[in-house]
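# Results of the structural survey
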Amino acid sequence: MIDNKPKLTRDDVIRKLSSGVKDFSYMDLSGLDLSYLDFIDVNMYGADLSGSDLRGSVLMASDLRAAILRGADLRDDADLRGADLRDADLRGAILFNAD
C-alpha cells in the first residue's frame, strides 16, 4: 500500500481516465476491479496494483516500472504490448492469455 496517496475507487479511475488524466504514478489502486479499462500510454510508475482485476484491460505503451502487481489478474487478453515492466513486482500475477 502507498501511504502518501488516497485509495481510489473504480469510479475515480474511470473519471480520471475520461478527463484525460495520464498520471497514476504511485497511486494506490490495490484490489480494484479495473477490468476492461483503457490505460493506453499511462504513467503507472510505482503504482500499487496488487490484487487488482485487470482482465481484458489495455495497458499498451504504459509505464509500469516498479509497479506492484502482486496477485493481479491480467488474463483474458490484457494488452501489455509495449508496456515497460522493468522492476515491476509480478509475483503471483495471473498472466494466462495476456498479450
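This paragraph deals with the nonpolar core. Membership of the largest hydrophobic core comes to 25 residues, with the highest contact counts inside it found for Val-13, Phe-24, Leu-29, Leu-34, Phe-39, Met-44 and Leu-64. Not counting chain neighbours up to four residues away, the residues in contact with Val-13 comprise Leu-8, Phe-24, Leu-29, Leu-32, Leu-34, Leu-37 and Phe-39.

The next point concerns unusual backbone geometry. Glycine aside, a negative phi is what most residues show, and trans is what most peptide bonds show. Located in the positive-phi region is Tyr-26, a residue other than glycine, with phi close to 60°. Mapped onto the secondary structure, Tyr-26 falls in the segment after helix H1 (10-18). With a relative accessible area of 40%, Tyr-26 lands in the partly exposed category. In this model, Tyr-36 sits at a positive phi of 60°, which is unusual for a non-glycine residue. Mapped onto the elements, Tyr-36 comes out in the segment after H1.

With that settled, the discussion passes to the side chain of Ser-50. Structurally, Ser-50 can be placed in the segment after H1. Of the polar contacts made by the side chain of Ser-50, one reaches the side chain of Asp-48; its length is 2.6 Å. Apart from the residues lying within four places of it in its own chain, the contact partners of Ser-50 are Ser-30, Gly-31, Ile-68, Leu-69 and Arg-70.

A separate point is empty space enclosed by the protein. Scanning all chains against the criterion turns up one cavity of 30 Å³ or more. Taken as a whole, the largest cavity holds about 40 Å³ of empty space.

Before going further, it helps to spend a moment on the packing of aromatic side chains. For any pair of aromatic rings, the description rests on two quantities: the centre-to-centre distance and the angle between the ring planes. For the coordinates displayed, the defined rule picks out two aromatic pairs. Taking 6.2 Å as the distance between ring centres and 85° as the angle between the ring planes, the aromatic pair formed by Phe-24 and Phe-39 counts as edge-to-face. A residue pair is termed long-range when its members are at least 10 positions apart, and Phe-24 in the segment after H1 and Phe-39 in the segment after H1 qualify at 15 residues. The two residues Phe-24 and Phe-39 agree in class, both being buried.

Reading guide: rules and limits
Residues numbered from 1 in each chain as written. Predicted model: local features only at pLDDT ≥ 70, side-chain atom pairs only at ≥ 80, totals over all residues. Heavy atoms only, no water. Core = buried A, V, L, I, M, F, W, Y, C linked by side-chain atoms within 4.5 Å. Buried < 20%, exposed > 50% of the residue type's maximum accessible area, 1.4 Å probe, protein only. Contact = heavy atoms within 4.5 Å. Helix = DSSP H or I, 4+ residues; strand = E, 2+ residues; numbered from the N terminus. Polar contact = N/O pair within 3.5 Å; in protein donor to acceptor, adjacent residues only side chain to side chain. 1 Å grid on protein atoms, 1.4 Å probe; cavity = no way out; pocket = protein on both sides within 12 Å on 5 of 7 lines; lining within 4 Å. Points joined across faces, edges and corners; volume = space filled by probe spheres on them. Phe/Tyr/Trp six-rings, centres within 6.5 Å; stacked < 30°, edge-to-face > 60°.

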